[in-house]
Amino acid sequence: MTIDLLDSTSVVDTSQACVRRTIAAPATDVLGRIANLETRLARSAAEIDAAQAVRYRVFVEEMKAQATPEAERRKRDVDGWDAICDHLLVLDTSIEGDAEEQIVGTYRLLRQDVAARAGGFYSASEFAIDDLLARHPDKRFMELGRSCVLPEYRTKRTVELLWQGNWAYALRHGVDAMFGCGSLPGVVPEEHALALSFLHHNLLARDEWAVAARPELYRTMDLMPSEAINPKKALAALPPLIKGYMRLGAMVGEGAVVDHAFRTTDVLVVLPISNISGRYLNYYGADAGRFSSSVS
C-alpha cells in the first residue's frame, strides 16, 4: 500500500492489556475530524460504491492490479467481502457536492463474529489463521483490508484519521486484536530481501501469536542473515503501512505470499491491542476522543 502512519518510534507497553474492558468508545457517528477531513463509516450503498471507485483508482489504475472485465467496465474494485464488511471512510468536507464525491480514503473492517457467520476472513486465502484464532477463544479479532488513499491526500493527517477510525471502531466493538495483509510491490520476494529479512528476524510473531503463510503459498522471508542487515536501510525499504503498524507494536507472520492479481508480495500483520504502546494510547485518547473535534 502507499499510505503512511506516524513517523516516530514506539515501545511496546503491555500494561494496556485490559484497555478494552475499562474504556468506552464515543457514540458519535463521526469517528474523528481534523480541519476539513473527517472519518466515519459508510452510511449507504452509494457511499460504499464511491469507496470502491477510490479503490479502483488506486489498485487498478495506479498499482496495475488485475481487474475483471466487469470491474473495468464499472471502474470499481469489488469482491465478495464488501457486502459483509464495514467501510471506513475519510472525507474532505471542503469538496463541494455529496458525500460520495468527498471520499478520499477508505479501509475495510471485518469483525470476527461477522466473518464466522459469512464464511471467514479474506486473509485466510493466503495465511493459515485458523490456529491463531483457535488459540485465543476469549479474544475478539478484526481484519483490516483494502486500505488506500488518493495520492494528493497521502499525508500524516489523513492516515492519522484512518487509524483513529480503526481505533474508535475497535473500542466500540470490543476488539482485542487486529490483523491484515501488508503489501510490498511486485511479485518477486527476493527483490525485497532486506525488508523481508528484517521483518523475519525482528518482528516474527511467536508462541501464542504465531501464524504462517499457507503451505502451498509459502515464500520464505529469511533471505539474508541477521548480521548482514542494516536496520536503518531495512526500515527505509519497508512500505509505509507496514512500518506504521510496526511503530504501534505489530508483529508479522512467518512467510510471505505472492498475490499475482494485485501484483504484490504480502505479509500478515498482527496487532494485539495490548501491544499498542502507552504513548499512542495517550496520543489518540483512551476513549477514542483525540480527534473528535475540529482542529488545525
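Use the structure listed above.
Calculation criteria
- Residues numbered from 1 in each chain as written.
- Predicted model: local features only at pLDDT ≥ 70, side-chain atom pairs only at ≥ 80, totals over all residues.
- Heavy atoms only, no water.
- Helix = DSSP H or I, 4+ residues; strand = E, 2+ residues; numbered from the N terminus.
- Buried < 20%, exposed > 50% of the residue type's maximum accessible area, 1.4 Å probe, protein only.
- Contact = heavy atoms within 4.5 Å.
- Core = buried A, V, L, I, M, F, W, Y, C linked by side-chain atoms within 4.5 Å.
- Phe/Tyr/Trp six-rings, centres within 6.5 Å; stacked < 30°, edge-to-face > 60°.
- Lys NZ or Arg CZ within 6 Å of the ring centre and 35° of its normal.
- Pairing = 2+ DSSP bridges.
- Salt bridge = Lys/Arg side-chain N within 4 Å of Asp/Glu carboxyl O.

Caption draft 1: Region of the structure containing the overall build of the chain. Scanning the chain from N- to C-terminus turns up ten helices and nine strands. The proportion of buried residues among the 296 residues of the chain is 53%. Relative to all contacts within the chain whose residues are 6 or more apart in sequence, the contacts with residues 24 or more apart total 81%.

Caption draft 2: Representation of the environment of Val211 within the structure. With respect to the secondary-structure elements, Val211 resides in the loop between α7 (193-202) and α8 (231-237). Along the chain, Val211 and Gly255 lie 44 residues apart, while their C-alpha atoms are 9.0 Å from each other. Ignoring sequence-local partners within four residues, the contact set of Val211 consists of Ala128, Ile129, Leu132, Gly253, Glu254, Leu268 and Val270.

Caption draft 3: Geometry of the environment of Val58. Relative to the elements of secondary structure, Val58 occurs in helix α2 (residues 45-62). A residue is classified by how much of its surface remains accessible, and Val58, at 1% relative accessible area, is buried. Sequence separation between Val58 and Ser147 is 89 residues; the distance between their C-alpha atoms is 9.7 Å. Setting aside chain neighbours within four positions, we find Val58 in contact with Met63, Cys148, Val149, Leu150 and Arg154.

Caption draft 4: Main features of the nonpolar core. Grouped together as the largest cluster of nonpolar side chains are 62 residues, with contacts concentrated most on Leu199 and Tyr245. No other element matches the eight residues that helix α6 (residues 156-172) contributes to this core. When sequence neighbours within four positions are dropped, the list of residues in contact with Leu199 reads Leu204, Met221, Leu238, Ile242, Met246 and Val252.

Caption draft 5: Focus on the packing of aromatic side chains. Going through the model one piece at a time under the given rule, you end up with six aromatic pairs. Members of the aromatic cluster, joined through ring pairs, are Phe121, Phe141, Phe179 and Trp209. Taking the ring centre of Tyr122 as reference, the NZ or CZ of Arg108 above it sits at 5.7 Å.

Caption draft 6: Representation of the pairing of strand β2 (residues 37-41) within the structure. Of all five residues in β2, five are buried, a share of seventy percent or more. Neither face of β2 is open: one carries Leu37, Thr39 and Leu41, the other Glu38 and Arg40, and all of them are buried. In the sheet, strand β1 (residues 30-34) pairs with β2 via four bridges, with the strands oriented antiparallel. Pairing of Val30 across the sheet is with Arg40, part of β2. Between β1 and β2, which pair antiparallel and follow one another directly, the connecting turn spans two residues, one of which, Ala35, has a positive phi of 50°.

Caption draft 7: Inspection of the pattern of salt bridges at higher detail. Taken as a whole, this structure holds 19 salt bridges when the rule is applied. A salt bridge links Asp79 to Arg146, with the nearest nitrogen and oxygen atoms 3.1 Å apart. With a gap of 67 residues between them, Asp79 in the loop between α3 (69-74) and β3 (86-92) and Arg146 in strand β5 (residues 141-149) connect regions that are remote in the sequence. The network of salt bridges with common partners includes Arg55, Asp77, Asp79, Asp82, Arg108 and Arg146.

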